[in-house]
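# Results of the structural survey
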Amino acid sequence: MGDCVPSAPLMEEEENLIAAAQNIVKALGSNRTLTDDARKILADLGSQLSSITRVSETQDEGDEEQLIEMEEELNLVQGKVMNWEVGKSMIWDCGQEEAYEYLRYVDQVRKLIERLESSDLVKGSKEDELLLRAHDLLQTAMNRLEEEFTHLLVHNRQPFEPEHMSFRSSEDDTLDDGSIVSFGDDSIEDVVQRDSMSRSSEEYIIELVHPDVIPDLRCIANLMFDSNYGRECSQAFINVRKDGLDDCLFILEVEKLSIEDVLKMEWSSLNSKIRRWLRAMKIFVRIYLASEKWLSDQIFSELEAVSSVCFAEASKASILQLLNFGEAIAIGPHQPEKLIRILDMYEVLADLIPDIDAMYSDEAGLCVRTECQDILRSLGDCAKATFLEFENAVASSISVNPFPGGGIHHLTRYVMNYMKTLIDYSKTLDELLKGHEKEDSVAILPDMTPDKEEDSTDRRCYISPLAQHFRSFTSILECNLEDKSRLYKDESLGHLFLMNNIHYMAEKVKNSNLRTILGDGWIRKHNWKFQHHAMSYERTTWSSILSLLRDEGLQNPGSNSISRTLLKERLYNFYLAFEDVYKSQTGWSIPDSQLREDLRISTSLKVIQAYRTFVGRHINHISDKHIKYTADDLENFLLDLFEGSPRSLHGSHRK
């Protein structure tokens, strides 16, 4: 039975049981009727019970010594830890030697608690008192380490250097802001342009906290987590870094705007804010968030899951603030002038989503990943709806007054520049427009030369959704322009107007990437169209005037001789008609210098040749006083046409 002696200290119940057994043995031993064998067994049992009692007493003495040692250790550590609570100075400000000594003492408290909680000492009031003291001391130390952790993060934060703002342009709000001017602005020029936004900016890590303190932060974090104070450590990190990210958004000039604020905003202001958002998103994700993730991973390098949660919680509010702006834009009205910016937002977000997914890869970042996909989908839907609405906007652009001077209508500039800019987004638009193709996506492309019969071997090719819609845009625009040309009382001006606008369309396509979408056949067809209107202008303007320079009807009645009176009247009426044309058509406009020169030359050849021939043929019948202008005069006058500034020819005509 010797091997039954317990090695562990006896509990009070066990001691009572042994005492009761000893009393029973003693009582039985006093019985005189017992045999010798029975007496021997009782004697052995009594010895065993006595031995157990002696061992228990010995162990009690050992436990007492161990408790005394632990108490002395606790007293020593408590003195060291509590010394720092007197002056409240920051430990890490006093140097690394003091800081790491403090960490050793705190770790000693943690280990002492583990020994007390896992030891086989007999639990009593003394042991409970020591454990309570140790826990209180550890909590005090953890509170201090949380303060130190926060202090190190805050006071060692690195500034967000201006050179990291290289994505920004030199200005934000210039007049040439890449917007599309509304239909009603007749001063629009080729201002539609895309912001130069790199789609493949490399991730750039900056040091958000001074690198010298990162090992210290890591030591504090590890000790706090080992001491079951991980939640406090995580929250301290999240609070400080959340403020840092808010400061970053402030530097990037990102305002906190509600959806209602965005929806009520004027387009000029909203356009500026979208451009800032585009730059801010790229910088925030590729530089600041990437650096934030790196910092979190460095501090919590031994606690991978913790690092992900801390990063997600610290950055969630800031990234969602940026995404909420995207949501506000997506649910706004589908105004054509917004399309370019919406496509910019869509492409930037689509480009950044792989980076965002990688940084928010686990459960903690699920809401951010989901929100990104939702906003991307909303922006895509908005872009598609806005694009389709543009076609309706072109068709419904109605004028009640003719466009002054017959020049290039602002609607023509708008539509062609709009399409030219959208070429940069062709891949994106083709994806978004799937399911919204026109009736036939396989086009027959014959030779478009008007005076040539259609080739019997048609060229068939697939036309992308964007190309289909672009062809529709130009057709609708031409129909609209024809309606506007009918507003002119002067048929000649109507032809000049169509010539100007169709020539502009053809040149815009020929000299841009629109050529790859609409094709050379389209260009040839529209070259023929504007030339046709040029010829129609000449016919309607000059045919009746040049008819005055013909010989028909000039003979005297009953003879073949030329009537000087009729000849003089013909010249007079010719000069009068020419002056009327000069007065009106100097105010007409042909903005393209080459087209203007070509039409002047063509007109001059017809008019001057007819005038010279007529005057030369009848020079003997016409007095010099009836020749108001020489051929050279008329030729010079024709050079004044189409400048957009009405003039009058002065001088008297003598009969």
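On a predicted model such as this, the values are computed, not experimentally measured, just so you know.

A tally of regular secondary structure across the protein gives 19 helices and 2 strands. Burial statistics for the protein: of 655 residues in total, 47% are counted as buried. In the protein, the proportion of contacts linking residues at least 24 apart, taken out of those at least 6 apart, comes to 82%. Only carbon and sulfur atoms are counted for the fraction: they give 49% of the accessible area of the protein, which is about 33000 Å².

The subject of this paragraph is the environment of A280. Relative to the assigned elements, A280 resides in helix α8 (residues 267–299). The exposure class of A280 is buried, given its relative accessible area of 1%. A280 sits 28 residues away from L252 along the chain, and the two C-alpha atoms are 5.8 Å apart.

So, about helix α12 (residues 410–422). The first and last C-alpha atoms of α12 sit 18 Å apart over 13 residues, in line with the 18 Å expected at 1.5 Å per residue. A large share of α12 lies buried, amounting to 12 of its 13 residues. Where α12 is buried, its residues touch α10 (339–359), α11 (366–395), α13 (426–432), α14 (465–485), α15 (491–510) and α16 (514–546).

This part takes up unusual backbone geometry. Non-glycine residue N228 carries a positive phi angle of around 65°. Following the sequence through the fold, N228 ends up in the loop between α5 (214–226) and α6 (230–251). Of note in this structure, F642 is not a glycine but carries a positive phi near 70°. Locating F642 in the fold gives a position in the segment after α19 (631–638).

Once that is clear, we can look at the confidence of the model for the protein. Detailed reading of the predicted coordinates is not advisable wherever pLDDT falls low. Within the protein, residue pLDDT values average 82, and 77% of them lie at 70 or more. Mean pLDDT values for the elements of the protein range from 47 in strand β1 (residues 442–444) up to 97 in α15. Note that pLDDT drops below 50 for residues 54–59; the model gives that stretch 8 contacts with residues more than four away or on any other chain. Below a pLDDT of 50 lies the segment residues 651–655, which in the model reaches 10 contacts outside its immediate sequence neighbourhood of four places, other chains included.

Further remarks concern a negative patch on the surface. Residues E64, E65, E69 and E72 make up a contiguous surface patch of negative charge. Along the chain, E65 falls in helix α2 (residues 36–87).

Tallied over the entire structure, the rule returns 31 salt bridges. Here E232 ties to R231 by a salt bridge, and the two come within 3.4 Å at their closest N and O atoms. Put simply, K529 and E478 hold a salt bridge, and the shortest N to O gap is 2.6 Å. You can see K529 sitting in helix α16 and its partner E478 sitting in helix α14, a full 51 residues away along the chain.

Moving on to α5. Taking 1.5 Å of rise per residue, 13 residues should cover 18 Å, and α5 covers 18 Å from first to last C-alpha, within 8% of that figure. For α5, the complete set of buried residues consists of I214, D216, L217, I220, A221, N222, L223, M224 and F225. In the segment just after α5, N228 is the residue with positive phi, at about 65°.

What follows deals with the packing of helix α18 (residues 593–617) against α19. At a minimum axis separation of 10 Å, α18 and α19 run at an interaxial angle of 160°. Of the possible angle classes, the one that applies to α18 and α19 is roughly antiparallel. Relative to α19, the crossing made by α18 is right-handed. Each of R600, T603, S604, V607, I608, Y611 and R612 in α18 lies in contact with α19, whose residues at this interface are A631, D632, L634, E635 and L638. Taken together, the residues of the contact of α18 with α19 break down into 6 nonpolar, 2 polar and 4 charged.

Moving on to the packing of α11 against α14. Running from amino to carboxyl end, α11 crosses α14 at an angle of 15°, the nearest separation of the two axes being 9 Å. Accordingly, the angle class assigned to the pair α11 and α14 is roughly parallel. Taken as a pair, α11 and α14 cross one another with a handedness that is left-handed. Here F387, L388, F390, E391, V394 and A395 of α11 lie close against α14, whose contacting residues are L466, H469, F470, S472, F473, I476, L477 and N480. Class assignment for the residues of the contact of α11 with α14 results in 10 nonpolar, 3 polar and 1 charged.

Quick look at the nonpolar core now. Grouped together as the largest cluster of nonpolar side chains are 177 residues, with contacts concentrated most on F149 and F470. No other element matches the 16 residues that α8 contributes to this core. When sequence neighbours within four positions are dropped, the list of residues in contact with F470 reads F387, M419, L422, I423, L514, I517 and L518.

By convention here, two paired aromatic rings are described through the distance between centres and the angle between planes. Per the counting criterion, the structure on display carries 23 aromatic pairs. An angle of 35° between the planes, with centres 6.2 Å apart, marks the rings of F574 and F578 as tilted. Of this pair, F574 and F578 both sit in helix α17 (residues 564–585), 4 residues apart, which is roughly one turn of the helix. Comparing F574 with F578, the two get one shared label, buried. Counting every residue linked through ring pairs, the aromatic cluster contains W542, F574, Y575, F578, Y582, Y611, Y629 and F637. Its end group placed over the ring of F311, K293 keeps NZ or CZ at 5.9 Å from the ring centre.

Reading the values: rules and limits
- Once a new chain begins, its residue numbering starts again from 1 and follows that chain's sequence as written.
- A pLDDT threshold of at least 70 governs which residues receive local features in this predicted model, and a stricter bar of 80 or more applies before side-chain atom pairs are shown or counted, although totals over entire chains, interfaces and linings include all residues.
- Hydrogens and water are ignored here; the side-chain numbers use all heavy atoms of the structure.
- Here a helix means four or more residues in a row that DSSP labels H or I, a strand means two or more in a row labelled E, and each is numbered from the N terminus.
- Exposed residues in this analysis have more than 50% of their type's maximum accessible area, buried residues have under 20%, and partly exposed residues fall in between, with area computed by a 1.4 Å probe over protein chains only.
- Here, residues are in contact when the closest pair of their heavy atoms is within 4.5 Å.
- We get accessible surface area from the Shrake-Rupley algorithm with a probe of 1.4 Å; when it comes to residues, only the shown protein chains can shield them.
- Here the expected span of a helix is defined as 1.5 Å times the quantity of residues minus one.
- What pLDDT conveys is the predictor's confidence in a given residue, as a value from 0 to 100.
- Only residues whose relative accessible area exceeds 30% and that form no salt bridge enter a patch; like-charged residues are grouped when within 9 Å of one another, and nonpolar side chains (Val, Leu, Ile, Met, Phe, Trp, Tyr) when within 5 Å.
- Counted as salt bridges are all cases of a side-chain nitrogen of Lys or Arg within 4 Å of a carboxyl oxygen of Asp or Glu.
- Residues scored as charged are limited to Lys and Arg (positive) and Asp and Glu (negative), so that His and the chain ends carry no count.
- To locate a charge, take atom NZ for lysine, CZ for arginine, CG for aspartate or CD for glutamate.
- Note on definitions: angles span 0 to 180 degrees between N-to-C directions of axes, and those axes are lines fitted to C-alpha atoms, for helices only across the stretch in contact.
- An angle below 35 degrees is treated as roughly parallel, one above 145 as roughly antiparallel, one from 65 to 115 as roughly perpendicular, and anything else as oblique.
- Each crossing gets its handedness from the near helix: less than a right angle anticlockwise from the far helix is left-handed, clockwise is right-handed.
- In this classification, the charged set is Asp, Glu, Lys and Arg, the nonpolar set is Ala, Val, Leu, Ile, Met, Phe, Trp, Tyr, Cys and Pro, and all remaining amino acids, among them Gly, are polar.
- Nine residue types can take part in a nonpolar core, namely buried Ala, Val, Leu, Ile, Met, Phe, Trp, Tyr and Cys, and a core is a set of them joined through side-chain atoms within 4.5 Å.
- Note on ring pairs: Phe, Tyr and Trp rings are taken, using the six-membered ring of Trp, and paired if centres are within 6.5 Å. Classes follow the plane angle, with under 30 degrees stacked, over 60 edge-to-face and the rest tilted.
- Two conditions define a charge located above a ring, namely a distance within 6 Å from the ring centre to NZ of Lys or CZ of Arg, and an angle within 35 degrees of the ring normal.

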